[in-house]
Amino acid sequence: PSYMGVSFKSLIEQKADICGDKVVVVDHNRSWTWSEINKCAQIMAVDLSYMGVKKGTRVGLCGANSIGWIICFFALQKLGAMAVLINFELRPAEIATVSELGDISYLCYGQMSAMKDEYQYIQEVRASEDNKITNFFSIHNPMMYLQRLGEYEIVKNYYHEPVDADAPSVMLYTSGSTGKPKGVMLSSYNLLRS
């Protein structure tokens with residue numbers, strides 16, 4: 001397929017251009033097209049950029065499967081940041097440990113198993129001994145980005161710097177069965193090829 005040699009950034013933009021009106025995700029009884037995901041990701045990328053996320057920044061992405069997670073993943077790719085994918089079942093102290101291992105100072109979070117109270121969960125991460133995270137970004141409300149689609153025309157030309165398909169774009173962690181979990185860096189090419 002033609003998309004195997006492109007970055008995730010180029011992939012979302014190509015999909016929006018070629019088949020933008022095609023529904024690709026249904027989340028909570030709402031259908032999302034390639035175009036909507038691309039536009040919402042562009043707007044979210046601006047928000048993340050204002051927080052300080054830029055090319056090469058390692059950003060933890062943690063949450064149950066959701067459209068917010070998908071939009072955030074593509075927003076990070078538009079910035080050239082590395083999405084460090086974190087198990088949404090981890091407790092606050094475990095999130096902190098992963099932040100130290102992966103040198104993560106930003107966490108984009110959605111619904112997590114151990115999160116009963118959002119404020120308390122974030123405070124527990126902050127207070128954990130190994131914590132390196134200083135910036136937290138909620139991806140709970142993707143509908144907010146649909147309500148902000150009018151901003152897209154203003155920001156659509158931001159972040160046009162190309163991202164190499166072979167550049168590390170995602171970090172996954174091993175299970176740590178023989179010691180501490182180890183980060184495995186993957187490129188867009190690695191993931192789209194598999």
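Structure shown above.
Scope of this entry: the structure provided in the associated data block. The shown structure was predicted, so the numbers you read here are calculated from the model rather than taken from an experiment.

## As for the sheet that holds strand S5 (residues 106-109)
Within the open sheet, the six strands sit side by side as S6-S5-S3-S4-S7-S8. Their pairing is mixed. Either end of the sheet is taken by a strand with one partner, and the two such strands are strand S6 (135-138) and strand S8 (183-187). Ignoring strand direction, the axes of neighbouring strands in this sheet form an average angle of 25 degrees. Pairing between strand S3 (residues 58-62) and strand S4 (residues 82-86): five bridges, direction parallel.

## Structural notes on the packing of aromatic side chains
One pass over the structure, following the stated rule, counts four aromatic pairs. Taking 5.1 Å as the distance between ring centres and 80 degrees as the angle between the ring planes, the aromatic pair formed by Phe8 and Phe73 counts as edge-to-face. Residue Phe8 is located in helix H1 (residues 8-19), and its partner Phe73 is located in helix H3 (residues 67-79); the two are separated by 65 residues in the primary sequence. Look at Trp69 and Phe73: their rings are 5.6 Å apart centre to centre, the planes differ by 5 degrees, and that puts the pair in the stacked class. Here Trp69 and its partner Phe73 are both found in helix H3, four residues apart, which amounts to about one turn of the helix.

## Some remarks on unusual backbone geometry
Both trends apply: most residues other than glycine have a negative phi, and most peptide bonds are in trans. Backbone geometry places Asp103, a non-glycine residue, at a positive phi of 55 degrees. Take Asp103: it is sitting in the loop between helix H4 (92-102) and S5. Residues other than glycine seldom take positive phi values, yet Tyr159 does so here, at roughly 60 degrees. Note on Tyr159: relative accessible area 21%, which makes it partly exposed.

## Re H3
If you check H3, its first and last C-alpha atoms are 19 Å apart, about what 13 residues at 1.5 Å a residue would give, namely 18 Å. Of all the 13 residues making up H3, 11 are buried; the element is thus mostly covered by neighbouring parts of the structure. Listing the buried residues of H3 in full gives Ile67, Gly68, Ile71, Cys72, Phe73, Phe74, Ala75, Leu76, Gln77, Lys78 and Leu79. Downstream of H3 by one or two residues, Gly80 has phi in the positive range, about 80 degrees.

The rules behind the values
- Residues numbered from 1 in each chain as written.
- Predicted model: local features only at pLDDT ≥ 70, side-chain atom pairs only at ≥ 80, totals over all residues.
- Heavy atoms only, no water.
- Pairing = 2+ DSSP bridges.
- Helix = DSSP H or I, 4+ residues; strand = E, 2+ residues; numbered from the N terminus.
- Axes fitted to C-alpha atoms, helices over the stretch in contact; angles between N-to-C directions.
- Phe/Tyr/Trp six-rings, centres within 6.5 Å; stacked < 30°, edge-to-face > 60°.
- Buried < 20%, exposed > 50% of the residue type's maximum accessible area, 1.4 Å probe, protein only.
- Expected span 1.5 Å × (residues − 1).

Shape is all these values report; function is a separate question.
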